[in-house]
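Geometric and topological summary
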Amino acid sequence: VPKRLKPAFTTTSICGYCATGCQLKLHLDEEGRAINLSPQAGYPVNLGMACPKGWQALDPLDSADRATVPLLRDPDGKMVPVSWAEALETFTTRMKAIKEQHGRDAVAFLSTGQIPFEEMSLLGCLFKFGMGFLHGDANTRQCMATAVTAYKQSFGFDAPPYTYADFEESDVLVFIGSNLCIAHPILWQRVMRNKRNPKIIVIDPRATETAQAATQHIALKPKGDLALLYALAHCIIRDGRTDAESIARTEGFEELAAFLQDYSPAAVAERTGMSVEEIEALAHTVSEPGKRVSWWWTMGVNQSYEGVRTAQAMINLALITGNIGKPGTGANSITGQCNAMGSRLFSNTTSLTGGHEFAYAEHREKVAAGLGIPVESIPSEASMAYDQILAAAEEGKIKGLWIIATNPFHSWIDSGRLEALREKLEFLVVQDMYHSTESARAADLVLPAAGWGEKDGCFINSERRIGTLKKVRQAPGIALSDFRILRLIANAWGCGEMFAKWTDPEAAFRLLRDLTKDRPCDITGIEGYEMIDRMGGIQWPFPADRGEDRPAPGEERRLFSDGIYYTPSGKAKLLFSPPAELPEDTDSAYPYLLLTGRGTSSQWHTQSRTGKSDILRKLYPQEAYIEVNPADAARLGLKEHDPVQVSSRRGEMQAFVYLAPTVKPGQLFLPMHYPEVNRLTHPSFDPHSRQPNYKACAVALKKVRPH
Ligand code: SF4
């Protein structure tokens, strides 16, 4: 081993990309600086494995385009370096001027599921309670707002019920809209560890990598999933293959059964593209007595115009067949970002921090008392959602926008609109690791932030497991952690006293921990970061007082084993609505249905970090490609690698043809990692969750020059 690779010390940190929450072992030199890493053996999540992004997690820290000093746009439009003092003065003067002239609704923030929840919560508390604004949302709206809403409505709290061991303990695993092999590769390894000879069913319009590895692939028509799930429930109720004990713990069964009368297999066959026999056989498989059945979904469901009802159709199936609260079961949302689950509990955007609601006076009083702030400083209204904030900016009602650790100029649906609304903004601040993202390049002020590996805090993974991340590098130049930037802004704004208890991330953790008392996400039994590390992460809930009928503090691996839900009645709700039509279907002008999604395990979202790694770039084409069925390609005279123009009613882009029988004729697939992709997508939203519908829009395809 070369000397430079021999670690003087090691420490551990949760990976900063996806919500799997793998723990990495960081190798440090004598100065405590990370020089290398390896996956942590024995951590109960990743069991010594990591995907390419985790292995290369240190690379993006050394990129030449790191934001190292604050940058301010001068009158000539150039970005010039300024001191922190000038940056803070500019920030507060401009934001205060907008507030005085246009009111508290005229400024908003857009944040992220990528930073520790101590920072998220400080941001939300500072912005709303200290600075006196109302509207802020996070990019978690783009990945899991649907799951949040579905669980809240059905269970009474946003509570994914499962643990990763359920992948290994299930007899039948049904994945809908989840390309687990690519999006959550370590979780796919957990599926592969299942020794029960499981049936793995993938329901997806594309023959994804996961579908190809499954026992059965059902290539249903795009957005046929809700009708199919209703038909399955129809068959199960018709045939009496339900679980009476589990149904007794629900509300709305009679209404659901009556509603499902109209969803026989024959009635939905055309919409789903499946035969009656295939639907009947699937209904039989997912309701076999004695078999453990688990339902899993990701963005194919969440990023849909009817995602909430689709998720709840899976929840309904789990509830009526008794597949919940037991090993190998559940209706389980697999989350996207490393700390989306932390955002769900603590971000203080559309929900009040610590698992509370702005609308309830007792929640506001409890949070005010816990934080030591006047209750009047906590608004009773929740924030507008992400799309509503941007619509208000388009209308000129929002004049100041503060973007933290996210890149909506690339990632937001119908992203061309961002450029138009930029003209309407008086002041755009971007706080980020890089000055080069599409969003940072549009900013008036860039605040340079430390990244993963350069600060402390906690993430919560998909199975509700809290883990710590560690500072193992110094941020470059005079970049600061988001936590420190927010404290400086609080002082500059004049509300620093309100946040005097938030001295460092662990002090913030203790404040937030205590707020969770008596909520479903109660973590008052956690002493601090050392305990989290010692226990290999801790899943919520983890209350200090667990009652006489429970053992001393230990992990609550799986929810609802007692059959009691978080609704006022203690019963789960069975919710449903008729399926809606695709917001934008194909026609003669735009004859192809465009599907978008993750294209590789080696890139993350807008590539703002993973695109900085030489190794990860080599694992993925840097030029945009589009997957085209060979029959469509033949009809259009296209060959492999031909350049084509893809256009929708909103925009266009160029890509190279990749011949792929894995997409059906009439459908196309574009990976979301390329900046132009969201110029095409159609801005429609789930009415309950306000999550964007990224997965289906109408496009045209044509060759741009001879091969
Ligand atoms: Fe694990 Fe996800 Fe990080 Fe890959 S990106 S190492 S799967 S947490």
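Remember, predicted model here, so these are calculated numbers, not experimental data.

Details of the overall build of the chain
The helix and strand tally for the chain stands at 27 helices and 26 strands. Taking 707 residues into account, the globule formula puts the C-alpha radius of gyration at 27 Å, and the chain, at 25 Å, falls close to it. Its C-alpha atoms give the chain principal-axis dimensions of roughly 75 × 70 × 60 Å. Put simply, the chain has 707 residues, and 58% of those count as buried. Considering only residue pairs separated by 6 or more positions, the chain has 73% of its internal contacts joining residues 24 or more positions apart.

Brief notes about the domain arrangement of the chain
In many reports, interface size means the accessible area that the parts give up when they come together. Here the domain parsing of the chain yields domain 1 (3-62), domain 2 (71-142 + 339-539), domain 3 (145-333) and domain 4 (592-703). The C-alpha-based centres of domain 3 and domain 4 are spaced at 27 Å. Secondary structure elements with two or more residues in the side of domain 3 that touches domain 4: helix H5 (145-155), helix H7 (180-183), helix H15 (299-302) and helix H16 (307-320). The biggest single contributor to the side of domain 3 that touches domain 4 is H5, with four residues.

Some thoughts on the site of the ligand
Residues in close proximity to the ligand total 13 residues, the closest being Cys-15, Cys-18, Cys-22, Cys-51 and Gly-54. Of all the secondary-structure elements, those providing two or more residues to the shell around the ligand are helix H1 (52-55) and helix H8 (185-192). A per-class count over the shell around the ligand returns eight nonpolar, four polar and one charged.

Topic: the environment of Gly-124
On the secondary structure map, Gly-124 appears in helix H3 (residues 117-130). Residues Gly-124 and Asn-194, 70 residues apart in the sequence, show an inter-C-alpha distance of 41 Å. Not counting the four nearest positions on each side in its chain, Gly-124 is found in contact with Gly-136, Ser-347, Asn-348, Thr-349 and Thr-353.

Let's talk about the sheet that holds strand E22 (residues 625-628)
Strand order around the closed barrel formed by six strands is E21-E25-E22-E24-E23-E26, with mixed pairing between neighbours. Taking the axes of each pair of neighbouring strands and ignoring which way they run, one obtains an average angle of 45° across the sheet.

Some words on the sheet that holds strand E18 (residues 465-469)
As summarised here, the arrangement of the three strands in space is E17-E18-E19, forming an open sheet in which the pairing is antiparallel. A strand with exactly one partner marks an edge of an open sheet, and here the two such strands are strand E17 (457-460) and strand E19 (538-539). Both E17 and E18 contribute to a ladder of four bridges, which runs antiparallel. Note that in E18 the partner of Ile-460 across the bridge is Ile-466.

Thoughts on the packing of helix H18 (residues 361-371) against helix H24 (residues 505-515)
Helices that pack against each other are described as a pair by the angle of their axes relative to one another and the distance between those axes. Interhelical geometry of H18 versus H24 gives an angle of 150° and a closest axis separation of 10 Å. Considered as vectors, H18 and H24 are oriented roughly antiparallel to each other. Along this stretch, H18 crosses H24, giving a crossing that reads as right-handed. Residues Val-367, Gly-370 and Leu-371 of H18 pack against Leu-511, Asp-514 and Leu-515 of H24. Residue composition of the contact of H18 with H24, grouped by class: four nonpolar, one polar and one charged.

Description of unusual backbone geometry
For the peptide bond that leads from Trp-540 to Pro-541, omega is 5°, which places it in the cis range. Following the sequence through the fold, Pro-541 ends up in the loop between E19 and strand E20 (572-573). One non-glycine residue with positive phi stands out, namely Asn-197, at about 50°. In this fold, Asn-197 is placed in the loop between H8 and strand E9 (199-203). Note on Asn-197: 7 C-beta atoms within 10 Å, which makes it exposed. Despite not being glycine, Asn-348 has its phi angle at roughly 65°, a positive value.

Side note on the packing of helix H10 (residues 225-238) against H16
Look at H10 against H16: their axes get within 9 Å of each other, and the N-to-C directions meet at 20°. One finds that H10 runs roughly parallel with respect to H16. In this structure, the crossing between H10 and H16 has a hand that is left-handed. Packed against H10, whose contacting residues are Asp-225, Leu-226, Leu-229, Tyr-230, Leu-232, Ala-233, Ile-236 and Ile-237, the element H16 presents Arg-309, Thr-310, Ala-313, Met-314, Asn-316, Leu-317 and Ile-320 at the interface.

So, the confidence of the model for the chain
On average, the chain scores 94 in pLDDT, and the residues at 70 or more come to 98%. Confidence metrics for the complex model read pTM 0.95 and ipTM 0.99.

So, the nonpolar core
Of all hydrophobic cores here, the largest spans 183 residues; its most connected members are Leu-126, Val-174, Tyr-230, Leu-232, Met-314, Leu-317 and Val-429. The element that contributes the greatest number of residues to this core is H10, accounting for 10 residues. Not counting residues up to four positions away in its chain, the partners in contact with Leu-126 are Met-131, Leu-486, Ile-489, Ala-490 and Phe-499. Listed in part, the 28 residues of the second largest apolar core include Leu-593, Leu-668, Phe-669 and Ala-698.

A word on the environment of Val-69
Looking at where Val-69 falls in the secondary structure, it is placed in the loop between H1 and strand E4 (71-73). Sequence-wise, Val-69 and Leu-232 are 163 residues apart; in three dimensions their C-alpha atoms are separated by 57 Å. Excluding residues that lie within four positions of it along the chain, Val-69 makes contacts with Pro-81, Pro-448, Gly-477 and Ile-478.

A look at helix H14 (residues 276-285)
For H14, the set of buried residues is Ile-279, Leu-282 and Ala-283. In a view along the axis of H14, the buried residues occupy a sector of 100°, so they form one face of it. Each element contacted by the buried residues of H14 is listed here: H10 and helix H13 (265-272).

Details of the environment of Thr-90
Here Thr-90 shows up in helix H2 (residues 84-102). In this structure the C-alpha to C-alpha distance between Thr-90 and Leu-445, which are 355 residues apart in sequence, comes to 8.5 Å. Setting aside its immediate chain neighbours within four residues, Thr-90 contacts Leu-72 and Leu-445.

Some details on the pairing of strand E14 (residues 400-404)
Most of E14 sits out of view: five of its five residues are buried. With burial as the criterion, each face of E14 is covered, one bearing Gly-400, Trp-402 and Ile-404 and the other bearing Leu-401 and Ile-403. Examined bridge by bridge, strand E6 (residues 107-111) and E14 share four bridges and lie parallel to one another. Its bridge partner lying in E14, Val-107 is registered against Gly-400. Pairing between E14 and strand E15 (residues 427-432): five bridges, direction parallel. Bridging across to E15, Leu-401 finds its partner in Leu-428.

Topic: the UniProt feature "domain: 4Fe-4S Mo/W bis-MGD-type" (unreviewed entry) in the chain
The UniProt record annotates "domain: 4Fe-4S Mo/W bis-MGD-type" (unreviewed entry) at residues 8-65. Here residues 8-65 is 7% helix and 31% strand, with 29 Å between the C-alpha atoms at its ends.

Thoughts on the pairing of E9
Here E9 lies mainly inside the structure; four of its five residues are buried. Across five bridges, the pairing between strand E8 (residues 172-176) and E9 is parallel. Note on E9: the bridge partner recorded for Val-172 is Lys-199. Of the strand pairs in this sheet, E9 and strand E10 (residues 216-218) are connected by three bridges, and their pairing is parallel. Of the residues in E10, the one forming a bridge with Ile-203 is Ile-218.

What counts and how
Within each chain, residue numbers correspond to sequence positions counted from 1 in written order. Only residues with pLDDT of at least 70 get local features here, since the model is predicted, and only at 80 or more are side-chain atom pairs given and counted; chain-wide, interface and lining totals rely on the full set of residues. Elements are defined by DSSP. Helices are runs of H or I of four residues or more, strands are runs of E of two residues or more, and each kind is numbered from the N terminus. Throughout, radius of gyration means the C-alpha value; the globule benchmark is 2.2 Å times the number of residues raised to the power 0.38. Residue burial is a threshold on neighbouring C-beta atoms within 10 Å of the residue's own C-beta, all placed from the backbone, with 20 or more meaning buried, 12 or fewer meaning exposed, and counts in between meaning partly exposed. Residues are scored as being in contact if the C-beta atoms we place from backbone atoms lie within 7 Å. A domain assignment, automatic or from a database, supplies the domain bounds used here. By convention here, the C-beta atom is placed from the backbone, and a residue is near a molecule or strand when that atom is within 6 Å of it. As a working rule, the residues Ala, Val, Leu, Ile, Met, Phe, Trp, Tyr, Cys and Pro are called nonpolar, Asp, Glu, Lys and Arg charged, and the rest polar, with Gly in that last group. For two strands to be treated as a pair, DSSP must find at least two bridges joining them. Fitted lines through C-alpha atoms serve as axes, helices being fitted only where they are in contact, and the angles separating the N-to-C directions of these axes extend from 0 to 180 degrees. Roughly parallel covers angles under 35 degrees, roughly antiparallel covers those over 145, roughly perpendicular covers 65 to 115, and oblique covers all other angles. Crossings are classed by handedness, with left-handed meaning an anticlockwise turn of the near helix from the far one by less than a right angle and right-handed meaning a clockwise turn. Values of pLDDT, ranging from 0 to 100, describe the predictor's confidence in every residue of the model. Connectivity within a nonpolar core runs through C-beta atoms within 7 Å, and the core itself is a set of buried Ala, Val, Leu, Ile, Met, Phe, Trp, Tyr and Cys residues. By definition, the arc is the one covered by directions from the helix axis to the C-beta atoms. UniProt positions are given in the numbering used here, feature names are shortened, and annotations may be inferred rather than shown by experiment.

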